[in-house]
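Spelled out from the first residue to the last, the chains are:
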Amino acid sequence: MLIAVRSCSLYVFLGLFIALFTHSVSANTLKSLRVWPSPDDTRVVIDVKSKVTFSYFRLSSPERLVVDLHDTTRNARLPITISDSQILKKIRASSPPEKGTTRLVLELKKRVSPKVFTLPPTPGGQYGHRLVIDLPNSDKPDAAKAKQQNPITHTDSSSTKKAPPPKNQDIVIAVDPGHGGEDPGSIGPGRRFEKNVTLSIGKKLANLIDRVPGMHSVMTRKGDYYVSLNRRTEIAREHGAYLLISIHADAFRSPKPRGASVFVLNTRRANTEISRWVENHEEQSELLGGAGAVLAKKNSDRNVSQTLLDLQFSHSQKEGFKLASDILGKLGKVAHLHRSKPVNASLAVLKSPDIPSVLVETGFISNPSEERLLFQQSHQEKIARAIATAIVEYFKENPPQGTMFASHGKPRHYTVKSGDSLSVIAQRYGVSVANIKKANDMSGNVLSVGQTLTIPRGSSSIQVPEVSHQVETETIYHKVVKGDYLGKIAAHYKVSVDDIKRENHLRSNVLSLGQKLKITVSLKDKPVRKHKVARGEYLGKLASKYGVSINSIRNANHLKTDSLAVGQVLIIPNK
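Residues numbered from 1 in each chain as written. Predicted model: local features only at pLDDT ≥ 70, side-chain atom pairs only at ≥ 80, totals over all residues. Heavy atoms only, no water.

**Q** How do you make sense of a positive patch on the surface when you look at a structure like this?
**A** Taken together, the side chains of Lys89, Lys109, Lys110, Lys479 and Lys516 make up a positively charged region of the molecular surface. On the secondary structure map, Lys110 appears in the loop between β8 (102-108) and β9 (115-119). When its relative accessible area of 38% is taken as the criterion, Lys110 is described as partly exposed. (Patch = residues over 30% accessible without salt bridge, like charges linked within 9 Å, V, L, I, M, F, W, Y side chains within 5 Å. Areas by Shrake-Rupley, 256 points an atom, 1.4 Å probe, with all protein chains shown as cover. Salt bridge = Lys/Arg side-chain N within 4 Å of Asp/Glu carboxyl O. Lys, Arg positive; Asp, Glu negative; His and termini not counted. Charge placed at Lys NZ, Arg CZ, Asp CG, Glu CD. Helix = DSSP H or I, 4+ residues; strand = E, 2+ residues; numbered from the N terminus. Buried < 20%, exposed > 50% of the residue type's maximum accessible area, 1.4 Å probe, protein only.)

**Q** How should the nonpolar core be read in this particular structure?
**A** Note that soluble globular proteins tend to have their nonpolar side chains buried in a common cluster. Counting residues in hydrophobic clusters, the biggest one holds 44 residues, and the most contacted among them are Ile245, Ile391 and Phe395. Mapped by element, the contributors of at least two residues to this core are β11 (171-177), α3 (194-210), β12 (215-219), β13 (243-250), β14 (261-265), α8 (314-331), β16 (357-364) and α10 (377-397). Sort the elements by how many residues they give to this core and α10 lands first, with 10 residues. Once you skip the residues sitting within four places of it in the chain, Ile391 turns out to touch Ile173, Ile209, Met215, Leu243, Ile245 and Leu323. Core analysis: the next-biggest nonpolar cluster, separate from the first, contains 24 residues, Val67, Ala76, Val112 and Leu131 among them. (Core = buried A, V, L, I, M, F, W, Y, C linked by side-chain atoms within 4.5 Å. Contact = heavy atoms within 4.5 Å.)

**Q** Is there a simple way to explain the pairing of strand β10 (residues 130-136) in this structure?
**A** Two faces make up the sheet, and in a regular strand the side chains alternate between them. Most of β10 sits inside the fold, with 6 of its 7 residues counted as buried. As judged from the 7 bridges shared by strand β2 (residues 41-48) and β10, these two strands associate in the antiparallel manner. Looking at the pairing, Ile46 lines up with Leu131 of β10. Pairing of β9 with β10 involves 5 bridges; the strand directions are antiparallel. Bridge assignment links Val116 to a residue of β10, and that residue is Ile133. (Pairing = 2+ DSSP bridges.)

**Q** Sorry if this is basic, but what is going on with unusual backbone geometry here?
**A** Peptide bonds are mostly trans, and most non-glycine residues show a negative phi. Pro62 follows Ser61 through a cis peptide bond whose omega is 0°. Mapping Pro62 onto the fold places it in the loop between β3 (53-59) and β4 (64-70). Of note, the amide linkage connecting Leu78 to Pro79 takes the cis form, showing an omega dihedral of 5°. Although it is not a glycine, Asp71 adopts a positive phi angle of roughly 50°. Within the secondary structure, Asp71 sits in the loop between β4 and β5 (72-74). On the basis of relative accessibility, which here comes to 30%, the residue Asp71 falls in the partly exposed class. The residue Arg191 is not glycine, and still its phi comes out positive at about 65°. Structurally, the position occupied by Arg191 is in the loop between β11 and α3.

**Q** Please explain the sheet that holds β2 as it appears in this structure.
**A** The strands making up a sheet associate through backbone hydrogen bonding, with each pair oriented either parallel or antiparallel. Spatially, 5 strands are ordered β5-β1-β2-β10-β9 in an open sheet, and the strand pairing comes out mixed. Two strands close off the open sheet at either side, each with one partner strand: β5 and β9. The mean angle between the axes of side-by-side strands here comes to 30°, regardless of whether they run parallel or antiparallel. As defined by bridge partners, strand β1 (residues 28-37) adjoins β5 across 3 bridges and the pair is classed as parallel. For Asn28, the partnering residue across the bridge sits in β5 and is Thr72. (Axes fitted to C-alpha atoms, helices over the stretch in contact; angles between N-to-C directions.)

**Q** How should the packing of aromatic side chains be read in this particular structure?
**A** Within a pair of aromatic rings, the relevant descriptors are the distance that separates the centres and the angle that separates the planes. All chains considered together, the criterion is met by 3 aromatic pairs. When the centroid spacing of 6.5 Å and the interplanar angle of 15° are considered together, the rings of Phe54 and Tyr56 count as stacked. Assessed through its relative accessible area of 37%, Tyr56 is described here as partly exposed. A centroid spacing of 6.5 Å and a plane angle of 90° characterise the contact between Tyr242 and Phe395, whose relative ring orientation is edge-to-face. One end of the pair, Tyr242, is in the loop between α4 (229-238) and β13; the other, Phe395, is in helix α10, with 153 residues separating them in the sequence. Pair check on accessibility: Tyr242 and Phe395 agree, each one buried. Through a chain of ring-to-ring contacts, the aromatic side chains of Tyr242, Tyr394 and Phe395 assemble into a single cluster. Directly above the ring of Phe375 sits Arg192, whose terminal nitrogen or CZ lies 4.9 Å from the centroid. (Phe/Tyr/Trp six-rings, centres within 6.5 Å; stacked < 30°, edge-to-face > 60°. Lys NZ or Arg CZ within 6 Å of the ring centre and 35° of its normal.)

**Q** Got a minute to help me understand the sheet that holds β4 in this structure?
**A** If you walk across this open sheet you meet the 5 strands as β3-β4-β8-β7-β6, and the pairing is antiparallel. Single-partner strands in this sheet number two, and they are β3 and β6 (80-81). Pairing of strand β7 (residues 88-94) with β8 involves 6 bridges; the strand directions are antiparallel. Note on β8: the bridge partner recorded for Arg92 is Val105.

**Q** Even after reading the chapter, I still don't get α3, so can you show me in this structure?
**A** In an α-helix, one turn spans 3.6 residues; hence positions three or four apart end up facing the same way. Here α3 is 17 residues long and its end C-alpha atoms lie 24 Å apart, about the 24 Å a rise of 1.5 Å per residue gives. Of all 17 residues in α3, 15 are buried, a share of seventy percent or more. (Expected span 1.5 Å × (residues − 1).)

**Q** Just checking my understanding: could you explain the pattern of salt bridges for this structure?
**A** Any two side chains of opposite charge can pair if their charged atoms end up close together. Taken as a whole, this structure holds 13 salt bridges when the rule is applied. Residues Lys322 and Glu319 are paired through a salt bridge, measuring 3.5 Å at the closest nitrogen-oxygen approach. One end of the pair, Lys322, and the other, Glu319, are both in helix α8, 3 residues apart, so they sit about a helical turn from each other. Residues joined by salt bridges that share partners form a network here, namely Asp40, Arg231, Glu234 and Glu238.

**Q** Any chance you could explain the packing of α3 against α10 here in plain terms?
**A** Packed helices, taken two at a time, are described by the angle between their axes plus the distance between the axes. With their axes 9 Å apart at the nearest point, α3 and α10 run at an angle of 50° to one another. When the interaxial angle is binned, α3 and α10 end up oblique. Here the hand of the crossing between α3 and α10 comes out right-handed. Residues Val197, Ser200, Ile201, Lys204, Leu205, Leu208 and Ile209 of α3 form the contact with α10, whose participating residues are Gln377, Gln380, Glu381, Ile383, Ala384, Arg385, Ile387, Ala388 and Ile391. Counted by class, the contact of α3 with α10 contains 10 nonpolar, 3 polar and 3 charged residues. (Parallel < 35°, antiparallel > 145°, perpendicular 65-115°, else oblique. Left-handed = near helix turned anticlockwise from the far one by under 90°. Nonpolar A, V, L, I, M, F, W, Y, C, P; charged D, E, K, R; others polar.)

**Q** Please clarify how the packing of helix α16 (residues 539-546) against helix α17 (residues 550-557) should be interpreted in this entry.
**A** Closest axis-to-axis distance for the α16/α17 pair is 8 Å, and the angle between their directions is 105°. Of the possible angle classes, the one that applies to α16 and α17 is roughly perpendicular. Contacts from Leu539, Gly540, Leu542 and Ala543 in α16 reach Ile550, Ile553 and Arg554 in α17. Among the residues making up the contact of α16 with α17, the classes are represented as 5 nonpolar, 1 polar and 1 charged.

Next comes the structure, spelled out in structure tokens:
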């Protein structure tokens, strides 16, 4: 009898041991967290070992989002303090409601409605299972409801064309640097990311466009964050863009292909193997970026709506093809061309019925020699100048009604705005200060807001100005604190007081506590960033997070090896 009891106890012990062992093996693991602030929202990506079961709720006073990862242990260091997000302050761990659960608390600056969803591993193996938390900077009205309240009616086939703009309005060009944030794009053999070269070339192109009289640019992204494909065209439309130029770096399974190409929309089957590769890569990018839209559209009727929209694309396609041909003509003078004629592809970023769009593949990042070339500043400047020159020539031949390009060569009138000066206006219109003063019988240089000036005919045609070794810039935000004044802030960021006033539409030098100032700074003058190494971090991961090269981190910190110590403080260069 005693033996039987002992045997029973042994079976119970073994059963408990097996249950505990099975639980420990099957338990999930939180491996790491990544935070990607952007102008519209902040995305938190939680890498987990396997598909996670989760729940969440909100708390107020102060505002918090609490996320429970069930049957999950944590292998990531917390807390994380976030300084560059408009909505998120900190992520920390908290006491879980039950054993085996990991509880995360996201401390928010205000109450918003989060979107929380899981994503499976990406087909290419770049990412495993993820839990994604999207925190909008503010709760905006539902776009679908807004469309119902303000329906767009189409009366004839010309309704997709833009209404005539006011006289001498600038031509707006949307510059779209591909990929960003979670989505690195293609990765070259030297482990360099497409998202970095597209942003660098995009900034150079935008800078050149802004220097052309009668033009200005809008960028779909200005930093290392992800923007969905639909949002990119929305940004262009919100700013009244006449063109959308999407910048990419090509890739292929073989390292042999090289050269630049320009893609235009064709809703039929792609006409080359590489263009089919690019189409597949676009959807892969949406998955990498964690865009739920790509997954959701497979279970909706949105493809039917898209097919109907495709019928209205004839004008946009025609103009896009014309511009693509112009760009190839200019690119062929500064770079090798993979294709001398526009390539057809059915890409989402090109599918805008009212905005002619092209996608410029600046070269093959999968080709070792071209990868090195794409990251040379001088080559980037040549590419940007070629594209900008093609855009200017396109609008000389096709000037939109009411813009400076349409009225060039005729006397124009300009109403003085706050922050204007004679030199600024003269540069804008490509004329001399002396000629403006002569045309307006002015003896001095003083202007008054609201004053109407006659702008004489320019002596030279509109063209892209020569800019050697462009300085890359970034727009940051400065929160006014006690003791701040414009002179002090300008000196800190190495900009002028006039630049700050102009960029923020300030009519006086008076500032208020807590006021946010938008400041465009040179990357070389941007305040130094520092990063404290956490468990699981390595140079490649940090380079990807901050959008810089591994070598730049090595050089900035005089590292002799790639080994990092937990708690080590690294200087993160701005370039």
